[in-house]
Amino acid sequence: MAAEEITSELFRLNRGSTATAPVELPWLDVELAILIAVNRHAGDDVAIALDYRTSTSDPSVVASDFFTDRRRCAWRTVAPTFSAFAAALNLLGPREYHYVGPADIFDQVEPDHRGYAITSHGDLAAWLTRQTAQPLHEPFTYVIDLAGTLRLAPQRSEHVACAGRDPVLGAGEITFAEDRGRYTVTEISNQSTGYCPAPSSWPALAAALDRAGIDHPAEFTHPIVFRRCRRCRRCRQRNIVKDDHYVCAVCGNALPTTWNMDEPGTPLR
């Protein structure tokens, strides 16, 4: 298709070795790309490809776009790396989230101290009965440890303390209700500014609750989207994205569309 002028222009395909100028998006260099998914039905003209122009070890992922301009294809980036693409689709198993909050909070945590492990409804009932300082309808702190176990701590406890400084598979806030001695989850979020987990952490949380025999909603009742500003070195601000508005609230730069809270750089504020 790249060798034939009409289809080359229509699908924006070219060969870098014979091109008179560098082949850049929205064009695809067919010598440095591999299709990994195509349309099921002939004529839909949809494709996803690995684009090795960005990296030979972890290429970006691009897709064909006939929706913006139906007269001509445009190749657009859908993930900066294949690893980010696979993680977004949960193809790599549960993501491990490392602590990304202030260092002074991390330093205050006792490494051997962790939240209470909940492996059954009996564990949950026993622990909640002892939480006399907090009403049941207020949210508790939770993490999912690397073994996939739900751990709980009182409200306003630091998530990194609940995890004993360790990485987690999920973290946030959880609320329970009781009916005739049976506790169920009524509200649950991934609200944790220490770990900033993605909404895709839900499967690890749901699995932990299912193993413990605790009824819960089908998804986060309050999903939070965290992004870190990467455009301005003096910023590096943590952001909560609302209404798909991917703009840094501090410096106004565009935020990445994929989770990036663990990118190296200056400590987060």
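Scroll up a little and you will see the structure.
1. A short note on the overall build of the chain
Moving on, step 1. For the chain, the helix and strand inventory stands at 6 helices and 13 strands.
Moving on, step 2. The dimensions of the chain, computed from C-alpha atoms along their principal axes, are 75 × 45 × 30 Å.
Moving on, step 3. Looking at the chain residue by residue over its 269 residues, the buried ones come to 42%.
Moving on, step 4. Residue pairs in contact within the chain that sit at least 24 positions apart in sequence constitute 52% of those at least 6 positions apart.
Moving on, step 5. Only carbon and sulfur atoms are counted for the fraction: they give 52% of the accessible area of the chain, which is about 14900 Å².
Moving on, step 6. Computed over 27 positive and 33 negative side-chain charges, the inter-centroid distance for the chain is 4 Å.

2. Let's talk about a nonpolar patch on the surface
Moving on, step 1. The grouping of Ile34, Ile36 and Phe82 at the surface amounts to a nonpolar patch, some 240 Å² of accessible area in total.
Moving on, step 2. The residue Phe82 is located in helix H2 (residues 82-88) in this model.

3. Section: unusual backbone geometry
Moving on, step 1. A cis amide bond, omega 15°, links Leu25 with the succeeding residue Pro26.
Moving on, step 2. As for its placement among the helices and strands, Pro26 is situated in the loop between strand E1 (13-14) and strand E2 (28-29).
Moving on, step 3. In this model, Arg12 sits at a positive phi of 50°, which is unusual for a non-glycine residue.

4. What to know about the nonpolar core
The nonpolar side chains of a soluble globular protein tend to be buried, and buried together.
Moving on, step 1. Core analysis: the largest hydrophobic core is formed by 25 residues, its most contacted members being Tyr142, Leu150, Leu152, Ile174, Ile188 and Leu205.
Moving on, step 2. Those elements that provide at least two residues to this core are helix H4 (121-130), strand E8 (140-144), strand E9 (150-153), strand E10 (170-179), strand E11 (182-188) and helix H6 (202-212).
Moving on, step 3. The dominant element in this core, judged by the number of residues it contributes, is H6, at 7 residues.
Moving on, step 4. Leaving out residues up to four positions away in the same chain, Leu152 has contacts with Gly115, Tyr116, Ile118, Leu124, Trp127, Thr141, Tyr142, Cys162, Ile174 and Phe176.
Moving on, step 5. Tyr97, Tyr99, Ala163 and Ala171 belong to the second-largest nonpolar core, a separate cluster that totals 19 residues.

5. Considerations on the packing of aromatic side chains
Moving on, step 1. With the rule as written, the count across this model stands at 8 aromatic pairs.
Moving on, step 2. Residues Trp127 and Phe140 carry aromatic rings whose centres are separated by 5.3 Å and whose planes lie at 70° to one another, so their mutual orientation is edge-to-face. Taken together, the positions of Trp127 in helix H4 and Phe140 in strand E8 put the pair 13 residues apart, joining distant regions of the chain. Phe140 matches Trp127 in its accessibility class, with the two residues each being buried.
Moving on, step 3. An aromatic cluster is present here, built from Tyr99, Phe106 and Tyr195 joined pairwise through their rings.
Moving on, step 4. Taking the ring centre of Tyr116 as reference, the NZ or CZ of Arg130 above it sits at 5.2 Å.

6. Examining H4
Moving on, step 1. When we look at burial in H4, the residues that qualify are His121, Asp123, Leu124, Ala125, Trp127 and Leu128.
Moving on, step 2. Buried residues belonging to H4 abut strand E7 (116-118), E8, E9, E10, E11 and H6.

7. Description of the sheet that holds E10
Moving on, step 1. One open sheet accounts for 5 strands, arranged E7-E9-E8-E10-E11; its pairing is antiparallel. Among the strands making up the open sheet, the edge pair consists of E7 and E11. Mean inter-strand twist for the sheet, computed between neighbouring axes without regard to direction, equals 40°.
Moving on, step 2. Where E8 and E9 come together, 4 bridges link them in antiparallel fashion. When the bridges of E9 are listed, Val143 appears paired with Arg151.
Moving on, step 3. The sheet strands contacting H4 are E7, E8, E9, E10 and E11, and the helix crosses E7 at an angle near 145°.

Basis of the calculations
Along each chain, residues carry numbers from 1 onward, in the same order as the chain's sequence is written. In keeping with the model being predicted, local features are shown solely for residues with a pLDDT of at least 70 and side-chain atom pairs are shown and tallied solely at 80 or more, while totals for entire chains, interfaces and linings include all residues. Hydrogens and waters are ignored; side-chain quantities use all the structure's heavy atoms. We count a stretch as a helix when DSSP gives it H or I for four or more residues in a row; a strand needs E for two or more, and each element gets its number in order from the N terminus. Per-residue accessibility, obtained with a 1.4 Å probe over protein chains only, is compared with the maximum for each type, and a residue is labelled buried under 20%, exposed over 50%, and partly exposed between these values. Every residue pair with non-hydrogen atoms within 4.5 Å of one another is taken to be in contact. Accessible areas in this description were obtained via Shrake-Rupley with a 1.4 Å probe; residue shielding takes into account the shown protein chains only. Counted as positive: Lys and Arg. Counted as negative: Asp and Glu, with His and the chain ends omitted from the count. Lys charges are placed at NZ, Arg charges at CZ, Asp charges at CG and Glu charges at CD. Candidate patch residues must exceed 30% relative accessible area and have no salt bridge, after which like charges are joined if within 9 Å and Val, Leu, Ile, Met, Phe, Trp or Tyr side chains if within 5 Å. Whenever Lys or Arg places a side-chain nitrogen within 4 Å of a carboxyl oxygen from Asp or Glu, that contact is recorded as a salt bridge. Take the buried Ala, Val, Leu, Ile, Met, Phe, Trp, Tyr and Cys residues and link them wherever side-chain atoms come within 4.5 Å; each set so joined is a nonpolar core. Here a pair means two rings of Phe, Tyr or Trp (six-membered ring of Trp) with centres within 6.5 Å. Their orientation is stacked below 30 degrees between planes, edge-to-face above 60, and tilted elsewhere. Only when the NZ atom of a Lys or the CZ atom of an Arg is both within 6 Å of the ring centre and within 35 degrees of the ring normal do we say a charge sits over the ring. Strand pairing follows a simple DSSP-based rule, namely that at least 2 bridges must link the two strands. For helices, the fitted axis covers only the stretch in contact; all axes are lines through C-alpha atoms, and the angles between them, taken along N-to-C directions, range from 0 to 180 degrees.

Note that every value here comes from positions in space, so none of it alone points to a role or purpose.
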